[in-house]
Amino acid sequence: IAIVLVMVGTTAYITLSSAEANANKLASRLHQEISENINLQLDDYLEKSETLNEQERLIYINSLLKKTNIAKHGKAFVINRNAKIIATSLEGNSNEDDPSVATNNDLVFQNAITHLNRFYDSPGKLRSIAQFQFDVITAKPLSRETWFTQATPYEDNSKKIDWIVITSMPASYYLAGVREGN
């Protein structure tokens, strides 16, 4: 009986570890697809909106990010190379003129920028897709949540715009089934 229990326990542990690794791979691939989708939508919109002023463009880009699938469970940001926020998927951003107001207290955005600064010295040096994860720790209620994040450089077809698209999703979104199995 002891050998059977050990074998079942070992099999369960290996299976769940494999499931978590596969979920991480899936999360990585989904981030690539989401970022590419946002980049394509930005390309399409910016080509059509050359006659609009900068303010109208930014309002549309904010609404575009809020309509993406990632906005339901995660967060998406567009920043310039100096880490100034251009647009965000955060709800409650009533001040469309200044999306940085919505990100001032957002721990996910702050951690994403901190990690970009840590690995690349500044977002301005990012030239290829970067994937990383970080933990967001809150005091009230006390919690720790891991976020999977991807930073993707974005340049429009005319090479006038040089931004970074950041997408973040909580690990719990991808790993809910694995954690339930544990």
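Keep in mind that this is a model prediction, so the values were computed, not measured. (Residues numbered from 1 in each chain as written. Predicted model: local features only at pLDDT ≥ 70, side-chain atom pairs only at ≥ 80, totals over all residues. Heavy atoms only, no water.)

### Some thoughts on the overall build of the chain
Inference 1: When its secondary structure is counted, the chain shows six helices and five strands.
Inference 2: Secondary structure elements of the chain occur, N-terminal to C-terminal, as α-α-α-β-β-α-α-β-β-β-α.
Inference 3: Expressed as a percentage of its 182 residues, the buried residues of the chain come to 40%.
Inference 4: Across the chain, every contact between residues at least 6 apart in sequence was considered, and the portion connecting residues at least 24 apart equals 54%.
Inference 5: A total accessible area of about 10600 Å² is found for the chain, and carbon and sulfur atoms account for 54% of it. (Helix = DSSP H or I, 4+ residues; strand = E, 2+ residues; numbered from the N terminus. Buried < 20%, exposed > 50% of the residue type's maximum accessible area, 1.4 Å probe, protein only. Contact = heavy atoms within 4.5 Å. Areas by Shrake-Rupley, 256 points an atom, 1.4 Å probe, with all protein chains shown as cover.)

### Quick word on the sheet that holds strand E3 (residues 130-138)
Inference 1: Taken together, five strands build an open sheet; the order of strands is E2-E1-E5-E4-E3 and the sheet is antiparallel. One side of each edge strand has no neighbouring strand; the edge strands of this open sheet are strand E2 (85-88) and E3. On average, adjacent strands in this sheet sit at an angle of 25° to one another, irrespective of strand direction.
Inference 2: Taken strand by strand, helix H1 (residues 2-48) contacts strand E1 (75-80), E3, strand E4 (143-155) and strand E5 (162-170), and its axis lies near 40° from that of E4. (Pairing = 2+ DSSP bridges. Axes fitted to C-alpha atoms, helices over the stretch in contact; angles between N-to-C directions.)

### Focus: H1
Inference 1: The terminal C-alpha atoms of H1, which comprises 47 residues, lie 69 Å apart, in line with the 69 Å expected from a rise of 1.5 Å per residue.
Inference 2: Taken together, the buried positions of H1 are occupied by Ala 23, Ala 27, His 31, Ser 35, Ile 38, Asn 39, Leu 42, Asp 43, Tyr 45 and Leu 46. (Expected span 1.5 Å × (residues − 1).)

### Observations regarding the environment of Ser 143
Inference 1: Note on placement: Ser 143 falls in strand E4.
Inference 2: Classification of Ser 143 by relative accessible area gives partly exposed; the value is 33%.
Inference 3: Excluding anything up to four places from it in sequence, Ser 143 contacts Val 136, Ile 137 and Thr 138.
Inference 4: Within polar-contact distance, the side chain of Ser 143 engages the side chain of Thr 138 at 2.7 Å. (Polar contact = N/O pair within 3.5 Å; in protein donor to acceptor, adjacent residues only side chain to side chain.)

### Quick notes on the packing of aromatic side chains
For any pair of aromatic rings, geometry is given as the distance between the ring centres together with the angle between the planes.
Inference 1: Counted under the stated rule, the structure contains five aromatic pairs.
Inference 2: Ring geometry for Phe 119 versus Phe 132: centroids 6.5 Å apart, planes at 50°, classification tilted. On the criterion of sequence distance, the pair formed by Phe 119 in helix H5 (residues 107-120) and Phe 132 in strand E3 is long-range, its members being 13 residues apart.
Inference 3: With relative accessibility at 52%, the residue Phe 119 sits in the exposed group.
Inference 4: Centre to centre, the rings of Phe 132 and Phe 134 are 6.3 Å apart; their planes meet at 35°, and the pair counts as tilted.
Inference 5: Relative accessible area serves as the criterion here: at 11%, Phe 132 is assigned to the buried category.
Inference 6: Residue Phe 134 is classed as buried on the basis of its relative accessible area of 3%.
Inference 7: Following the ring pairs from residue to residue traces out a cluster consisting of Phe 119, Phe 132 and Phe 134. (Phe/Tyr/Trp six-rings, centres within 6.5 Å; stacked < 30°, edge-to-face > 60°.)

### Points about the nonpolar core
Inference 1: Leu 42, Leu 46, Ile 61, Leu 65, Val 78, Tyr 154 and Trp 163 are the most contacted members of the largest nonpolar core, which totals 22 residues.
Inference 2: Within the residue set of this core, elements represented by two or more residues are H1, helix H2 (54-67), E1, E2, E4, E5 and helix H6 (171-181).
Inference 3: For this core, the element with the most residues is H1, which contributes five residues.
Inference 4: Beyond its immediate stretch of four places on either side in the chain, Tyr 154 contacts Asn 39, Leu 42, Asp 43, Leu 46, Ile 161, Asp 162, Trp 163, Ile 164 and Val 165.
Inference 5: Among the nonpolar cores identified, the runner-up in size contains 18 residues, and Ile 79, Leu 90, Leu 116 and Val 136 belong to it. (Core = buried A, V, L, I, M, F, W, Y, C linked by side-chain atoms within 4.5 Å.)

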